[in-house]
Amino acid sequence: MMVHDAMPVRLIDLAPAVADFRSEVLVGLSRPQKSLSPKFFYDGEGCRLFEAICDLPEYYLTRTEMDILTRHAGDIAAALGAPVTLIELGSGSSRKVRLLLDAVRPCRYVPLDIAGEQLFESASAIARDYPWLDVSPICVDYSQPFEFPDFADDLRRIAFFPGSSIGNFAPDEAATLLRTVASLLGRDGGLLIGYDLKKDPAVLHRAYNDAAGLTAAFNLNLLRRINRELEGDFDLGRFDHSAHFAAADSRIEMHLVSRVDQAVGVSGQVFEFAAGESIHTENSYKYGMDQFIGLAAEAGFRPLETWTDPGRLFCVQLFGLDSAGAGRVADAI
Ligand code: AVI
C-alpha cells in the first residue's frame, strides 16, 4: 500500500496499474460483442465531462438526488444516528456528501474513487471546508476486493453510494458488490444508496442523448484515453455515440458504433470492426423499488427508510443489515 503525504489529506493510493487497464481493454475488445468497462471513462477529461453532464437540463438524475438529499438531510442524520464513519463509493467531486455533512456530522469521511486526481482535489476541498472532519481518501477500483485500512476505531460504518452508480453494474455484479460492502460495514453498519427509478423511456433517451453532445463526447473520450495510455490508433471521427433503452433488461445501453469497416490497433494488437459493429461501453439499470429491495436483500440488507421526489424519478434508501447479513468478517472488500 502506497501512501502519499500531502496536506491537508493523505491519499491512500490503491489505484489499478496501467497493465490492468491494458489487459481489461484487450480482453474486452476480443469478445464477440466488443465491450469496455464504464469505470475507464474517468480520466481527467472524463471526470470533467461527467461533471458537466450532471448539470445538463436533460440529466435529471443529479439534481433530483441532490434535491432529495437537501430536503431530507435532517431525517437522514436522525436515521443514521452518531457517531459514524461515512464511506463514499465513487465519490467523484464529493458534491453530494456536502449536502449531508453538517446534518450528519460524521467523525470520519472515507471517499473511494478510481480517479485519483479528482479524488485528491475534492477530498482536500472537503478537509479545508469541514476542518472538524477526519478525511481519508482512498484511490481504488472499489468493484474489486481491496484492503480497507484499519482506522482502529469502533465507529459505526455507513456506506454512502449515491448517483445511481450501482446501476452501472449488472444485477448479479451489483449483488456481489453489495455483499462485499456488507462485509466491510459490520453488523451495525448501514447503506445509504441512490438509484434511478424506471420511467418513461423518452425521458431516459433524452438524458443519455443530450442536445449539447456531452454524453457523446464522454463516451468517445474512452477511445481517446485508450489512444493515449495504451498506444491505440482509434480515429474518433469513425465512431458514433449511441444510447438506447433496452426495455427487456430495463437499462440504458451505451455503445460506440463503427461508421465503416476498419481495423484499429491497441498495444500492438489489431481489432477488426465491420460498419455498424459496436463497442458496448455502459449499462445504466433502472429499478422499481421492490426490485431494488429484492436485490439488496440478496446481500443481507433490509430497507429502513425511503426518500424520493414528487415525480418518482429517483430514490434514496437507507438499508441496515439483517441478522443473517454479512458481519465485518474481513476488513476488506
Ligand atoms: C455514473 N453513472 C451513474 C452515470 C449513469 O447515468 O449511468 C454515467 C453516465 N453515463 C452517461 N451519462 C452519465
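Structure shown above.
Given the structure is predicted, the values throughout are model-derived calculations rather than measurements. (Residues numbered from 1 in each chain as written. Predicted model: local features only at pLDDT ≥ 70, side-chain atom pairs only at ≥ 80, totals over all residues. Heavy atoms only, no water.)

Participant: Describe the packing of helix α2 (residues 44-54) against helix α8 (residues 214-229), listing the residues and the values that go with them.
Facilitator: Interhelical geometry of α2 versus α8 gives an angle of 160° and a closest axis separation of 9 Å. Accordingly, the angle class assigned to the pair α2 and α8 is roughly antiparallel. Where α2 crosses over α8, the two elements pack in a sense that is left-handed. Of α8, the residues touching α2 (which contributes Glu45, Gly46, Leu49, Phe50, Ala52 and Ile53) are Leu214, Thr215, Ala217, Phe218 and Asn221. Split into classes, the residues belonging to the contact of α2 with α8 amount to seven nonpolar, three polar and one charged. (Axes fitted to C-alpha atoms, helices over the stretch in contact; angles between N-to-C directions. Helix = DSSP H or I, 4+ residues; strand = E, 2+ residues; numbered from the N terminus. Parallel < 35°, antiparallel > 145°, perpendicular 65-115°, else oblique. Left-handed = near helix turned anticlockwise from the far one by under 90°. Contact = heavy atoms within 4.5 Å. Nonpolar A, V, L, I, M, F, W, Y, C, P; charged D, E, K, R; others polar.)

Participant: Give a detailed account of unusual backbone geometry, specifying residues and quantitative values.
Facilitator: Most peptide bonds take the trans configuration, and most residues that are not glycine carry a negative phi. Positive phi outside glycine occurs at Ala152, with the angle close to 50°. Of note, Ala152 is situated in the loop between β6 (138-140) and β7 (156-161). Assessed through its relative accessible area of 69%, Ala152 is described here as exposed. One non-glycine residue, Ser164, lies in positive phi territory at about 60°. In this structure, Ser164 sits in the loop between β7 and α6 (171-185). (Buried < 20%, exposed > 50% of the residue type's maximum accessible area, 1.4 Å probe, protein only.)

Participant: Residue-level account of the site of the ligand, with values.
Facilitator: Among the 13 residues in the neighbourhood of the ligand, the closest are listed as Tyr59, Asn168, Tyr208, Glu282 and Ser284. A distance of 2.6 Å separates an oxygen atom of the ligand from a polar atom in the side chain of Ser284. In the complex, 98% of the free accessible area of the ligand, which totals 340 Å², lies under the protein chains. Of all elements in the fold, only α8 and β13 (278-285) reach the threshold of two or more residues within the shell around the ligand. (Near = heavy atom within 4 Å. Polar contact = N/O pair within 3.5 Å; in protein donor to acceptor, adjacent residues only side chain to side chain. Areas by Shrake-Rupley, 256 points an atom, 1.4 Å probe, with all protein chains shown as cover.)

Participant: Describe in detail the packing of helix α1 (residues 18-30) against α8, supporting the description with residues and values.
Facilitator: One way to put it is that α1 packs onto α8 with a least axis distance of 11 Å and a crossing angle of 120°. In terms of orientation, α1 lies oblique with respect to α8. The crossing of α1 and α8 is left-handed. Judged by residue contacts, Val18, Phe21, Arg22 and Val25 of α1 engage Arg225, Ile226 and Glu229 from α8.

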